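The residues making up each chain are set out below.
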Amino acid sequence: MRIGILGTGGLAEGLGRGWVQAGHELVIGGRSRAKADALAERLGGPTRAGTPREAATGRDAVLLAVLWEGVEDVLRSAGAADGQLAGTPLIDPTNAVEHGVGVLLPAHPGGAAGQIAAAAPGAHVVKAFHLFPADQWTRARGNGGGDDSGGAPGPTVAICGDDETALRITSDLVRDVGGVPAVLGPLSRARQLEEVAGFVIGLAFAGVDPASAIPHVPSGAVAA
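In the nomenclature of an unreviewed UniProt entry, the protein corresponds to Pyrroline-5-carboxylate reductase catalytic N-terminal domain-containing protein from the organism Parafrankia irregularis.

Structure (structure tokens):
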């Protein structure tokens, strides 16, 4: 696939490296052209740097890999308000939460994903990749869709969105970096996923392992 990445940070590099290894063609567009050039060189393969608008043009999917504070600026640079991303799967891994607390910041009823969809008319926004740290995707990947555990299933990546094709493309990209996609539902459920991230972040900053606060419920079972 032809993938655009808006951003040059750790998540852009981690996912980008996995997608290059899977044979995809990448265009990196960041607010700093120097950083975009450097990331493209590190990723190698069929990867090049460009402007945010170039990264958003003619892509099979676009990853919005910037901090929440930079979302509005990079979408503007990509021409999102002009419909540049219309019809394109726009993958949103942002965590718009108060640092160290985990409280959601956007007032939009649809959360960060809803606000992004409003800023990019026509784009097929998919919430994904927001729960795991960037280094999750930089580890060696085993065969059969696993991570560095020798082929065992990788982490489950919950995703949601309204467009079936965008969900399918995002699911394929999740598998390409060793994850297991799980569609939660339409984009209206993105705020629920974002609240989960806030819950995890809040516990982690409080010194509590978030996994210890979540009961293990076997697949298909319902807790009493």
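Novice: How would you explain the overall build of the protein if you had to name every residue and give the values?
Specialist: Scanning the protein for helices and strands turns up seven helices and eight strands. Taken over C-alpha atoms, the radius of gyration comes to 17 Å for the protein, in line with the 17 Å a tight globule of 224 residues would show. With the C-alpha coordinates of the protein rotated into their principal frame, the extents come out at 50 × 40 × 35 Å. In the protein, of all internal contacts separated by at least 6 residues, the share reaching a separation of at least 24 is 66%. Of the roughly 10300 Å² of accessible surface on the protein, a fraction of 54% belongs to carbon and sulfur atoms. Looking at the protein, you have 17 positive and 23 negative side-chain charges, and the mean spots of the two groups are 4 Å apart.

Novice: Explain the UniProt feature "domain: Pyrroline-5-carboxylate reductase catalytic N-terminal" (unreviewed entry) in the protein residue by residue, including any values.
Specialist: UniProt tags residues 2–95 as "domain: Pyrroline-5-carboxylate reductase catalytic N-terminal" (unreviewed entry). Annotation note: span residues 2–95, helix share 40%, strand share 23%, distance between end C-alpha atoms 25 Å.

Novice: Can you tell me about helix H2 (residues 33–43), naming the residues and giving the values?
Specialist: Listed in full, the buried residues belonging to H2 are Ala36, Leu39, Ala40 and Leu43. Looking straight down H2, one finds its buried side chains confined to an arc of 100°; they lie on one side. Turned more than 90 degrees away from the buried face of H2, the exposed residues are Ala34 and Glu41. Buried-residue contacts for H2 involve helix H1 (10–21), strand E2 (25–29) and strand E3 (47–50). Phi turns positive, to about 65°, at Gly44, one or two residues after H2.

Novice: Break down the sheet that holds strand E6 (residues 124–127) for me, with residues and values.
Specialist: An order of E3-E2-E1-E4-E5-E6-E7-E8 is seen for the eight strands of this open sheet, with the pairing classed as mixed. Both edges of this open sheet fall to E3 and strand E8 (180–185), since each of them pairs with a single strand only. Taking each pair of neighbouring strands and ignoring which way they run, the sheet shows an average axis angle of 25°. Relative to strand E7 (residues 156–161), E6 runs antiparallel, the two being bridged by two bridges. Of the residues in E7, the one forming a bridge with Lys127 is Cys160. Packing of H1 onto the sheet brings it into contact with strand E1 (2–6), E2, E3 and strand E4 (61–64), and relative to E1 it is tilted by some 170°.

Novice: Account for the side chain of Ser171, naming residues and giving values.
Specialist: Inspection of the secondary structure assignment puts Ser171 in helix H6 (residues 164–176). In this view, Ser171 contacts Ile159, Pro181 and Val183; residues no more than four positions away in its chain are not counted.

Novice: Describe helix H4 (residues 68–77), listing the residues and the values that go with them.
Specialist: Each α-helix winds once per 3.6 residues, and so residues spaced three or four apart point in a common direction. Residues of H4 that are buried include every one of Trp68, Gly70, Val71, Val74 and Leu75, and no others. The arc enclosing the buried residues of H4, seen along the axis, measures out at 135°, which places them on a common side. Exposed positions of H4 whose direction lies more than 90 degrees from the buried face are Glu69, Glu72 and Arg76. Packed against the buried residues of H4 are E1, helix H3 (52–56), E4, strand E5 (89–92) and helix H5 (111–119). At the C-terminal side of H4, Gly79 shows a positive phi close to 80°.

Novice: Before we move on, can you summarise the nonpolar core with the specific residues and values?
Specialist: Counting residues in each nonpolar core, the largest one holds 30 residues, and the members touching the most others are Ile5, Leu15, Trp19 and Phe129. Beyond its immediate chain neighbours, meaning those up to four positions away, Trp19 contacts Ile3, Ile5, His24, Leu26, Leu63, Phe129, Leu173, Asp176 and Val177.

Novice: Explain the environment of Ala134 to me, using residue names and the numbers behind them.
Specialist: Residue placement: Ala134 occurs in the loop between E6 and E7. By relative accessible area, Ala134 is classed as partly exposed at 25%. The spacing of Ala134 and Ala12 is 122 residues in sequence and 8.2 Å in space, taken between C-alpha atoms. Setting aside anything within four residues of it in sequence, one finds Ala134 in contact with Gly10, Leu11 and Gly14.

Novice: Can you explain the pairing of E2? Please cite residues and give values.
Specialist: Moving residue by residue along a regular strand, the side chains alternate between the two faces of the sheet. Within E2, four of the five residues are buried, leaving the element largely enclosed by the surrounding structure. Bridge count between E1 and E2: five bridges; the pairing is parallel. Residue pairing for E2: Leu6 is matched across the bridge by Gly29. Between E1 and its parallel partner E2, the chain crosses via H1, and the hand of that crossover is right-handed. The β-α-β motif built from E2, the intervening H2 and the parallel element E3 has right-handed crossover chirality.

The rules behind each value
- Residues numbered from 1 in each chain as written.
- Predicted model: local features only at pLDDT ≥ 70, side-chain atom pairs only at ≥ 80, totals over all residues.
- Heavy atoms only, no water.
- Helix = DSSP H or I, 4+ residues; strand = E, 2+ residues; numbered from the N terminus.
- Rg over C-alpha atoms; globule rule 2.2 N^0.38 Å.
- Contact = heavy atoms within 4.5 Å.
- Areas by Shrake-Rupley, 256 points an atom, 1.4 Å probe, with all protein chains shown as cover.
- Lys, Arg positive; Asp, Glu negative; His and termini not counted.
- Charge placed at Lys NZ, Arg CZ, Asp CG, Glu CD.
- UniProt positions renumbered as here; feature names shortened; annotations may be inferred.
- Buried < 20%, exposed > 50% of the residue type's maximum accessible area, 1.4 Å probe, protein only.
- Arc of directions from axis to C-beta.
- Pairing = 2+ DSSP bridges.
- Axes fitted to C-alpha atoms, helices over the stretch in contact; angles between N-to-C directions.
- Core = buried A, V, L, I, M, F, W, Y, C linked by side-chain atoms within 4.5 Å.
- Right-handed = clockwise from strand over helix to strand, strands pointing away.

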